[in-house]
Amino acid sequence: MAFGYVIVQVDVKDQETFEAYRAQVPATIAQYGGEYLVRGGKFEKLEGAEPLGRMVALKFPSYEQAKAWYHSEEYKGPKELRQSCSVANAILVEGVD
């Protein structure tokens, strides 16, 4: 079974609220078998549109597990908090078997 990946670009508008979000999210990710591969850090544009200010990549045991996490009750509150303090592009990608 192929892994599922959630890749997010985030432009944080309110850092204090975003920090509250960051404190809540790791437990929800772990509950669905996910882990951080990228959480901030240095990056540079190589091609295409200008990326938003922060990058995050998550790995889950499957595409279905990643999707379940994103739409879960456990992530609902933190997701609303993030959406209130930032603008994001998020995609769900199936990995290679």
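Our structure's up above, just so we're on the same page.
### A closer look at the packing of aromatic side chains
Item 1. On inspection of all chains with the given rule, the structure shows seven aromatic pairs.
Item 2. K79 extends its terminal NZ or CZ atom over the ring of Y70, reaching a point 4.0 Å from the ring centre.

### Comments concerning the pairing of strand β3 (residues 54-60)
Regular strands place their side chains on alternate faces of the sheet.
Item 1. The buried fraction of β3 amounts to seven of the seven residues, a majority that puts the element mostly inside the structure.
Item 2. Of the two faces of β3, the one carrying R54, V56, L58 and F60 and the one carrying M55, A57 and K59 are both buried.
Item 3. In this structure, strand β1 (residues 4-12) lies alongside β3, joined through seven bridges in antiparallel fashion. Each bridged residue has a counterpart across the sheet, and for G4 the counterpart in β3 is F60.
Item 4. Direction of pairing for strand β2 (residues 35-39) relative to β3: antiparallel, over a ladder of four bridges. Bridged to V38 within β3 is A57.

What counts as what
- Residues numbered from 1 in each chain as written.
- Predicted model: local features only at pLDDT ≥ 70, side-chain atom pairs only at ≥ 80, totals over all residues.
- Heavy atoms only, no water.
- Phe/Tyr/Trp six-rings, centres within 6.5 Å; stacked < 30°, edge-to-face > 60°.
- Lys NZ or Arg CZ within 6 Å of the ring centre and 35° of its normal.
- Buried < 20%, exposed > 50% of the residue type's maximum accessible area, 1.4 Å probe, protein only.
- Helix = DSSP H or I, 4+ residues; strand = E, 2+ residues; numbered from the N terminus.
- Pairing = 2+ DSSP bridges.

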